Amino acid sequence: MYDYLIVGAGLYGAVCARQLTDAGKKVLVIDKRSHIAGNVYTEKMEGINVHIYGAHIFHTNNKSVWEYVNRFSVFNRFTNSPVANYKGELYSLPFNMYTFNKMWGVVTPEEAAAKIEEQRKAAGIDNPQNLEEQAISLVGTDIYEKLIKGYTQKQWGRPCEDLPAFIIKRLPVRLTFDNNYFNALYQGIPVGGYTKMVESMLDGIEVRLDTDYFANKAELDSQADKVIYTGPIDAYFDYKLGNLEYRSVRFETEVLDKPNFQGNAAVNYTDADTPWTRIIEHKWFEFGKDEDGNDLPKTVISREYSSEWKLGDEPYYPVNDEKNGKLYADYKVLADKETKVIFGGRLGEYKYYDMDQVIAVALDKAAELLKA
Ligand SMILES: Cc1cc2nc3c(=O)[nH]c(=O)nc-3n(C[C@H](O)[C@H](O)[C@H](O)COP(=O)(O)OP(=O)(O)OC[C@H]3O[C@@H](n4cnc5c(N)ncnc54)[C@H](O)[C@@H]3O)c2cc1C
């Protein structure tokens, strides 16, 4: 008999499992996949930790979450500084003085600000009606045409003129030479990969892989007082109100027999003709070295394609629209009626959480359960 059955060995499940176990509870963790770590799973290929479900960069302003994760892993000093490739022209991201210098030859922040203002004014858009007009009214035509238009179209599978303006509320423009994508106090990649970090979180806890909760629900339920469920909320209710929608991503991963393909972890392809949105070169998350500091002779890249999602595909990003928001609210009413089951995590709450956020809510939930 267990105090808690935890469905899902991702970050939410692993943090709850750690906290409850440390407080003396008996916990069983199951996952239908053949590995732990959920979507932050990394797999070693040619000595490189490959981010199988998409690139994950840990960044947070939450000091206690940062201290918490550092209990389970050392973090390296990786800083996310993506590069944009527009038809072979390379630009720094996020938009900053390096970008503006390359785009217009401007040298000082005043010149850059004046150029943006000149383009904004020339566009003369007071009341943006779609994403294209919104972007141009914020940063002018050149940045929109080269760095936003094609990329956004590929991401959403629709022309920017057909996308609502509200998707882009603001576009951060930095008048400094700062390529650090995240405005976070703490940032890095766990040395040895995320899988190793989650393994350390789950140390000493019983984990059963290749175990689908729904294949054996009644029996699994009967073995625990409470269930923490981190799978999709609509799947729990057998989709009886309909299925929640996601945006999906497809990855094409390749091992290359060369040490360096693009010289950076992330390169975004911002033109409309290149079919992928970006290429991740995984070794640069760890500076091209293995854990002993040796250079790695090969490299692994993943091309990312944004794609429509259909039931059965891997769910990635919840769709933040009225229809899905309402459907989730209806499922939440059903979930609140379940006395034995707690729904949590990105799928259980149908919510995009960064890693630090999902860890913070899992820590809060575990504390709440232990108080009750
Ligand atoms: C493409 C992409 C890139 C991202 N990049 C970043 C980033 O750079 N930085 C950042 O902070 N965050 C990033 N995130 C967010 C991050 O992935 C999430 O915060 C995190 O994975 C959420 O953990 P979770 O435990 O809620 O969910 P998951 O990791 O999805 O874990 C849920 C687990 O439940 C299991 N499960 C589901 N159903 C069942 C069942 N029936 N039976 C048994 N097991 C089941 C699943 O197999 C899965 O392992 C990114 C997300 C995406 C989609």
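Up top you'll find the structure we're talking about.
Conventions and cut-offs
Residues numbered from 1 in each chain as written. Predicted model: local features only at pLDDT ≥ 70, side-chain atom pairs only at ≥ 80, totals over all residues. Heavy atoms only, no water. Phe/Tyr/Trp six-rings, centres within 6.5 Å; stacked < 30°, edge-to-face > 60°. Helix = DSSP H or I, 4+ residues; strand = E, 2+ residues; numbered from the N terminus. Buried < 20%, exposed > 50% of the residue type's maximum accessible area, 1.4 Å probe, protein only. Expected span 1.5 Å × (residues − 1). Near = heavy atom within 4 Å. Polar contact = N/O pair within 3.5 Å; in protein donor to acceptor, adjacent residues only side chain to side chain. Areas by Shrake-Rupley, 256 points an atom, 1.4 Å probe, with all protein chains shown as cover. Nonpolar A, V, L, I, M, F, W, Y, C, P; charged D, E, K, R; others polar.

**Looking at the packing of aromatic side chains**
All chains considered together, the criterion is met by 28 aromatic pairs. Consider the rings of W66 and Y186, whose centres lie 5.4 Å apart with planes at 10°: the pair is stacked. Here the residue W66 occupies a position in helix α2 (residues 63-70), and Y186 occupies one in strand β8 (residues 186-188), the gap between them amounting to 120 residues. Neither W66 nor Y186 differs from the other in exposure class; each is buried. Seen in terms of ring centroids, Y213 and F214 are 5.2 Å apart; in terms of plane orientation they differ by 55°. Their pairing is tilted. Aromatic rings pair up to connect Y213, F214, Y229, Y236, F237, Y331 and F343 into one cluster.

**Side note on helix α1 (residues 11-22)**
Taking 1.5 Å per residue, 12 residues should reach 16 Å; α1 reaches 16 Å between its end C-alpha atoms and fits that length. Burial analysis of α1 places 9 of its 12 residues in the buried class, which makes it a mostly covered element. Looking one or two residues beyond α1, the residue adopting positive phi is G24, at roughly 95°.

**Section: the site of the ligand**
The ligand sits among 32 residues. The nearest are D31, H56, I57, Y353 and M355. Within the backbone of L11, an N or O atom sits 3.2 Å from an oxygen atom of the ligand. Here an oxygen atom of the ligand and a backbone polar atom of I57 are 2.8 Å apart. Expressed as a share of its isolated accessible area of 1000 Å², the protein-covered part of the ligand is 96%. Elements with a contribution of two residues or more to the shell around the ligand: α1, α11 (345-348) and α12 (355-371). When residues of the shell around the ligand are assigned to their parent elements, the largest contribution, 3 residues, is made by α11. Looking at the shell around the ligand residue by residue, the classes come out as 17 nonpolar, 9 polar and 6 charged.

In short, shape yes, function no, at least from these values alone.
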